[in-house]
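# Analysis of the macromolecular model
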Amino acid sequence: MKKKRTLAFPYRQRSVLHIDIASESCEVIPLSEADAKAYLGGRLLALQLWKRFAVVAELGDKYYESGNPVVFAPGAAADLSMPCPTSCTIVTKSPLTGKIAVASASSPLAGAIAGAGYCALVITGRARRLMSFRIHDGGVSFAAAEEFHNLTTVEVAKRAASKHVVCIGPAGEHQVAHASLVVDNQNIRCGGAALVFGLKNIKFFSLDTTTAGRESYDPHRFGLLVQSSLKAMSKRRICRTVAKQGSLALLAKANHHGWAAIDNYSMRIDGRLWGLCPRSAEKEGRPEVLSGPVCEEKSSMDLHSAMALGSNLELFDSRSVQQLATRCLENGLDPISAGAVLSWARKSRMDGLLGFLPDMQRSSAMLYLRLLDAMAYQRGTGEQLGRSMEELVTIHGGAEHAFMVDNLPLPPFDYRALPVQALLASLGDERLVLGELLWGNRYRRGNERALASWALYVQQVSSALECVGLSPLMLLPTFAHPIFHFPYWKFRHKNFSTLAAFASLGEGYEIHTEQMAAFGKKAEALQQEINTLLLDGHKQKGRLPDQLLVNGKSNYRRAQVVPLARLLDAYESLLRHKK
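Reference entry: report on the structure contained in this document.

Scoring rules and cut-offs
- Residues numbered from 1 in each chain as written.
- Predicted model: local features only at pLDDT ≥ 70, side-chain atom pairs only at ≥ 80, totals over all residues.
- Heavy atoms only, no water.
- Axes fitted to C-alpha atoms, helices over the stretch in contact; angles between N-to-C directions.
- Helix = DSSP H or I, 4+ residues; strand = E, 2+ residues; numbered from the N terminus.
- Parallel < 35°, antiparallel > 145°, perpendicular 65-115°, else oblique.
- Contact = heavy atoms within 4.5 Å.
- Nonpolar A, V, L, I, M, F, W, Y, C, P; charged D, E, K, R; others polar.
- Pairing = 2+ DSSP bridges.
- Core = buried A, V, L, I, M, F, W, Y, C linked by side-chain atoms within 4.5 Å.
- Buried < 20%, exposed > 50% of the residue type's maximum accessible area, 1.4 Å probe, protein only.
- Salt bridge = Lys/Arg side-chain N within 4 Å of Asp/Glu carboxyl O.
- 1 Å grid on protein atoms, 1.4 Å probe; cavity = no way out; pocket = protein on both sides within 12 Å on 5 of 7 lines; lining within 4 Å.
- Points joined across faces, edges and corners; volume = space filled by probe spheres on them.

## Digging into the packing of helix 11 (residues 318-331) against helix 13 (residues 365-377)
Two numbers describe how helix 11 lies on helix 13: the axes approach to 10 Å, and their chain directions differ by 10°. One finds that helix 11 runs roughly parallel with respect to helix 13. Facing S320, Q323, L324, R327, C328 and N331 of helix 11, the residues of helix 13 in contact are A365, Y368, L369, L372, D373, A376 and Y377. Classifying every residue of the contact of helix 11 with helix 13 gives 8 nonpolar, 3 polar and 2 charged.

Have a look at this one:
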C-alpha cells in the first residue's frame with residue numbers, strides 16, 4: 001500500500017496589523033506560531049483578537065465605541081486560488097444587541113489582506129474628525145474625509161480609486177439603526193458594524209497592495225482537491241444552478257416547501273414568487289463540469305434581499321427589487337432590516353398607526369425608494385423609520401407586525417416551515433441551513449434532539465469554514481442528496497475532512513478532520529464566552545416573536561407554530577452532553 005504523503009513545511013510567518021485611529025498610528029504585530037496553530041484564522045482568530053484588544057471599561061455609550069475594536073480576519077487559505085470567493089470575518093460589539101456581532105463577507109478583500117501578509121486588521125480608538133485611511137505596501141496613511149460626508153458608497157469607491165474599499169454610506173454617518181458596511185461593492189449586515197464605524201468617525205478605508213496571493217504548499221494535491229470539489233458540485237442540478245447564479249437560485253425551492261415570508265409573514269407560498277427567481281434555466285443535456293470561480297453573487301440582489309425587499313413587501317417584479325437592492329447598497333442600508341421595517345410600516349399604516357406616511361396599501365418601488373433615501377439621510381417623510389424596530393414599536397405600536405430578535409429584524413424566512421433555522425434564529429444566529437432550504441423540513445413530536453443536533457452541526461461546520469475562508473455554498477453538494485441531506489455520521493465528517501485538506505495546503509502542516517471540527521467548536525465556545533462577558537454573566541436565551549410561537553395561520557396546508565421551548569431544551573441538553 002502506498003504511504004500517504006504528509007506535509008512537512010516550515011511555519012508561515014504572519015502578522016496582525018493594528019491601526020489606532022485616535023493617534024493615527026499603526027503597528028505590525030507578529031503572530032506567534034503557537035497562536036497561529038491554536039486559532040488558525042477567520043472567525044476564531046477574529047474573536048480572539050477582539051477579546052485581546054477590547055477595553056471593556058470603555059464600551060459604554062459615552063465612549064463612542066472607542067474601546068470596541070473592529071476586526072477583519074480572512075480565512076487561513078484566503079490567498080490561495082480557490083474555486084470560489086474566499087471569505088473574511090468581521091467582528092465587533094453590536095450597539096443594537098449589546099452582544100458580539102459576527103459576519104462573513106465573501107469578497108476579494110479577504111485574499112488582499114492575506115496577500116499583504118496580514119492575518120487580520122484590528123481597528124481601535126476613535127477619530128476626532130471624519131476620516132479615512134489607506135493601507136499600502138509602505139504602511140498606513142491617514143486623511144480627513146469631510147469632503148466624503150453624505151456621499152453614497154458608490155461615489156466613495158470611485159473617488160477612493162483603490163482596488164478594495166470598505167465604507168459606510170449616509171445611513172452609517174447618521175447612525176441609522178439599519179446601516180450596513182459595504183465591502184467591495186457588497187452589502188454586509190454584521191448587526192451594527194456600520195454604526196461602530198460611524199461612531200468612530202471612519203468613512204472608509206482602502207487597501208492597495210502589489211502582492212497577488214501565493215501557491216499552496218503542494219500544488220498537485222491542491223489541484224486535485226479543487227477538481228474534486230468542482231466535480232462534486234457538478235453532479236446535481238441545483239448545485240450547478242447555484243454555482244452559476246448565486247444564492248438567489250435557492251428561491252426556486254421556496255414555494256415547494258413554504259419557507260418564504262410573503263407579505264409580512266402572512267403567507268408561505270405565492271405563485272408570484274417565481275418573478276424574483278433567475279430567468280435563465282439550465283438546458284437539458286449532459287451536465288458540464290464547472291470551472292472556477294463559482295458561487296459568486298451576480299448582482300446586489302441575493303437571496304436575502306430578494307425576499308426582504310420583494311416577497312415581504314409584495315413586490316414581485318425583479319427589476320423593481322433590483323432597484324431597491326441597489327439603492328440600499330448606495331445608501332449603506334442593510335436590505336434585510338430596511339425591508340423588515342418597510343414591511344412593518346406598510347402593515348401598521350394600513351391599521352392607521354403611522355399617519356405621517358403616505359398610503360402604502362399598494363406596493364410601489366418609487367415610494368419605497370423615497371423612504372429608503374429618507375431613512376438614510378434622515379430628512380424628509382419617513383426619516384422616523386431610521387430608528388430600531390424596538391423603538392418604532394414602543395413609540396408607534398404595531399407589535400403584531402414586527403418580527404425581530406435582540407432588536408435586529410429577522411431574515412425573511414417563514415420559520416414555521418424551518419425548525420432548525422428557527423432554532424438558530426432564536427439565538428441570534430443567521431447562518432443558512434442549506435439542507436432545509438433545499439428539501440424542506442417538518443417538526444414532528446419526538447424529533448427535537450435530531451433537529452437540535454443539526455443546528456449544532458451547522459454552527460460548528462460554518463465556523464470551521466470561516467476559519468479556512470471558503471464560501472458556504474461550497475458545502476452545498478453534501479446537503480443536496482435527496483435522502484442523506486441530514487448530516488449523518490458519514491456526511492458529518494466529510495465536510496470537516498474537506499476543510500481540513502484546504503487548511504493543510506494553506507498552512508503547510510497536516511490538519512486532521514478532528515482538529516478542524518475542534519476549531520469550529522472552539523469558535524462557538526469563544527463567542528458564547530464573550531457574550532456572557534458583555535451581558536454581565538447573563539446566559540443567552542433563545543426567543544422568537546410571539547406570532548411565530550402561537551399563530552399558525554398561513555395559506556400553507558401544514559401550517560404550524562415553532563415549538564421553540566422543546567427545541568431549545570434539546571439544544572441545551574446536547575451542549576451539556578458535548579462538553
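## As for the sheet that holds strand 7 (residues 131-136)
Taking strand neighbours across the sheet as the criterion, the 6 strands line up as 8-7-12-9-10-11 in an open arrangement whose pairing is mixed. The open sheet has two edge strands, strand 8 (139-144) and strand 11 (187-188), and neither has a second partner. Here 6 bridges tie strand 7 to strand 8, and the two strands are oriented antiparallel to one another. In the strand pairing of strand 8, H136 is matched with G139. Along the sheet, helix 3 (residues 108-115) contacts strand 9 (164-167), strand 10 (181-183) and strand 12 (202-207); its crossing angle with strand 9, the most-contacted strand, is approximately 110°.

## Focus: the pairing of strand 5 (residues 100-106)
Across 7 bridges, strand 4 (residues 87-93) lies against strand 5 in antiparallel orientation. Residue pairing in the sheet places I90 in a bridge with A103 of strand 5. Hairpin connection of strand 4 to strand 5: 6 residues between the antiparallel strands, including G98 at a positive phi of 80°.

## As for the nonpolar core
In this structure, F72, F133, I135, F197, L251 and M516 are the most contacted members of the largest nonpolar core, which totals 198 residues. With 12 residues, helix 17 (residues 448-468) is the largest single contributor of residues to this core. When sequence neighbours within four positions are dropped, the list of residues in contact with I135 reads L17, I19, Y118, L121, V140, F205, S206, L207 and D208.

## Quick look at the sheet that holds strand 5
As summarised here, the arrangement of the 6 strands in space is 2-1-6-3-4-5, forming an open sheet in which the pairing is mixed. Strands at the two margins of the open sheet, each flanked by one partner only, are strand 2 (25-31) and strand 5. Sheet twist, expressed as the average angle between the axes of neighbouring strands with direction ignored, equals 15°. Relative to strand 6 (residues 118-124), strand 3 (residues 70-74) runs antiparallel, the two being bridged by 3 bridges. The partner of V70 across the bridge, within strand 6, is I123.

## Observations concerning unusual backbone geometry
Phi at C190 takes a positive value of approximately 55°, unusual for a residue other than glycine. Assignment of secondary structure puts C190 in the loop between strand 11 and helix 6 (193-199). Among the residues examined, C190 registers a relative accessible area of 4% and is labelled buried. Phi is positive for Q378, close to 55°, though the residue is something other than glycine. If you trace the backbone, Q378 turns up in the loop between helix 13 and helix 14 (389-396).

## Remarks on the pattern of salt bridges
When the charged atoms of two side chains with opposite charge come close together, those side chains can pair. Here the structure, examined in full by the defined rule, presents 26 salt bridges. For R43, the salt bridge goes to E466, with nearest N and O atoms at 3.1 Å. With R43 in helix 2 (residues 42-53) and E466 in helix 17, this pair connects stretches of sequence that are 423 residues apart. The salt bridge partner of E524 is R431, with a shortest N-O separation of 2.9 Å. Taken together, the residues span a long stretch of sequence, with E524 in helix 20 (residues 513-534) and R431 in the loop between helix 15 (419-426) and helix 16 (434-439) at a distance of 93 residues. According to the relative accessible area criterion, R431 is buried, its value standing at 11%.

## Description of the layout of surface pockets
Each pocket or cavity is described by its volume, and for the second largest pocket that value is around 460 Å³. S228, A232, P477, T478 and K494 are, among the 18 residues lining the second largest pocket, the residues nearest its centre. Every element with two or more residues in the lining of the second largest pocket is listed here: helix 7 (219-234), helix 18 (476-479) and helix 19 (489-507). In terms of residue class, the lining of the second largest pocket is made up of 8 nonpolar, 6 polar and 4 charged.

## Some thoughts on the pairing of strand 2
Side chains on a regular strand alternate between the two faces of the sheet. Of the pairings in the sheet, the one linking strand 1 (residues 14-20) to strand 2 comprises 7 bridges and is antiparallel in character. Within the sheet, the bridge partner assigned to H18 lies in strand 2 and is E27. Taking the residues that link successive antiparallel strands as the turn, the strand 1-strand 2 hairpin has 4 residues, and the phi of E24 there is positive, at about 50°.

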